[in-house]
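Residue-level structure breakdown
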Amino acid sequence: MTQLQVAIDLLTTEDAIALATKVAPYVDIIELGTPLIKSEGLSVITAMKDAFPDKLVFADFKTADAGELEADMAFKAGADYVTILGSTGDSTIAGAVKAAKAHGKAVVVDTIGVQDRVKRAQEVIKLGAAFVELHAGLDEQAEDGYSIQVLIDEATRAGVPVSIAGGVNLDSIQAVKESGAVVAVAGGAIYGAKDPAAAAKALKEALN
Ligand SMILES: O=C([C@H](O)CO)[C@H](O)[C@H](O)COP(=O)(O)O
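Predicted, not measured: the structure shown is a model, and the values here were computed from it. (Residues numbered from 1 in each chain as written. Predicted model: local features only at pLDDT ≥ 70, side-chain atom pairs only at ≥ 80, totals over all residues.)

Attention now moves to the overall build of the chain. When helices and strands are tallied, the chain shows 11 helices and eight strands. For the chain, whose C-alpha radius of gyration is 16 Å, the value lies close to the compact-globule estimate of 17 Å for 208 residues. Principal-axis analysis of the C-alpha atoms gives the chain an extent of 40 × 40 × 30 Å. Counting only contacts in the chain whose residues sit at least 6 apart along the sequence, the fraction spanning at least 24 positions is 60%. (Helix = DSSP H or I, 4+ residues; strand = E, 2+ residues; numbered from the N terminus. Rg over C-alpha atoms; globule rule 2.2 N^0.38 Å. Contact = placed C-beta atoms within 7 Å.)

Further remarks concern helix α5 (residues 90-103). Each full turn of the α-helix corresponds to 3.6 residues, which orients residues three or four apart in the same direction. Over its 14 residues, α5 extends 20 Å from the first C-alpha to the last, a length consistent with the 20 Å expected when each residue adds 1.5 Å. Among the residues of α5, those classed as buried are Thr 92, Ile 93, Gly 95, Ala 96, Val 97, Ala 99 and Ala 100. Close packing links the buried residues of α5 with β3 (56-63), α4 (67-77), β4 (81-85), β5 (106-110) and α6 (117-126). Positive backbone phi, at 70°, marks Gly 104, one or two positions downstream of α5. (Expected span 1.5 Å × (residues − 1). Buried ≥ 20, exposed ≤ 12 C-beta atoms within 10 Å, placed from the backbone.)

One closed barrel accounts for eight strands, arranged β1-β2-β3-β4-β5-β6-β7-β8; its pairing is parallel. Within this sheet the neighbouring strands show an average axis-to-axis angle of 25°, counted without direction. The strands touched by α4 are β3, β4 and β5; relative to β3, the strand with the most contacts, the crossing angle is about 150°. Relative to the sheet, α5 contacts β3, β4 and β5, its axis offset from that of β5 by approximately 155°. (Pairing = 2+ DSSP bridges. Axes fitted to C-alpha atoms, helices over the stretch in contact; angles between N-to-C directions.)

The subject of this paragraph is the packing of helix α1 (residues 13-23) against helix α11 (residues 196-207). Interaxial distance between α1 and α11 falls to 8 Å at its minimum, and their mutual angle equals 50°. Relative to α11, α1 is oriented oblique. Remark: the crossing between α1 and α11 carries right-handed chirality. Contacts between α1 and α11 involve Leu 19, Lys 22 and Val 23 from the former and Pro 196, Ala 197 and Ala 200 from the latter. (Parallel < 35°, antiparallel > 145°, perpendicular 65-115°, else oblique. Left-handed = near helix turned anticlockwise from the far one by under 90°.)

Next up, the structure:
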């Protein structure tokens, strides 16, 4: 079954915990977005894991260097997953995987900015990534002509475990599920909704 990941791109620990409190019953993975971690530091990871010990906490570091060191920092703070950029060298990903194995946790490779996402996904799974995020970031989504369909098509032919992130919402969730993605990531569709709990519930129900 496709898991639901809420991406929290808010800027304070207080707001992030308040949102997570509303949506936790409907999500499998709680992602602390890169801007949130940059704003609040590692303490937001610890606070979220302490508040939701039964949820998988995803630290969206988007690490580009010092893979082992940065992944170790995330896991020590309480993360279950950390992201490493797919555009970086194999040694950075391998280093993060080494840290993940030491902690019994996992690395997710984020393909933001990668030209051939499917090829890179297949390569980094061999390095030990748990799954690969086929990702169009917030800036790419704002570009003219962006469609999540490109990520959905890539997921169907990836042949390795992938998540999809890039404007997942109620209109696209069924296609995301049918693509075989192991995780659907929804940020704005949940934290930007009038009723985030209802939005998360509807997305979760579509995945069941
Ligand atoms: O990872 C993300 C982005 O780079 C900012 O941190 C988003 O959390 C991810 O794109 C999912 O959010 P939505 O696109 O708003 O669903």
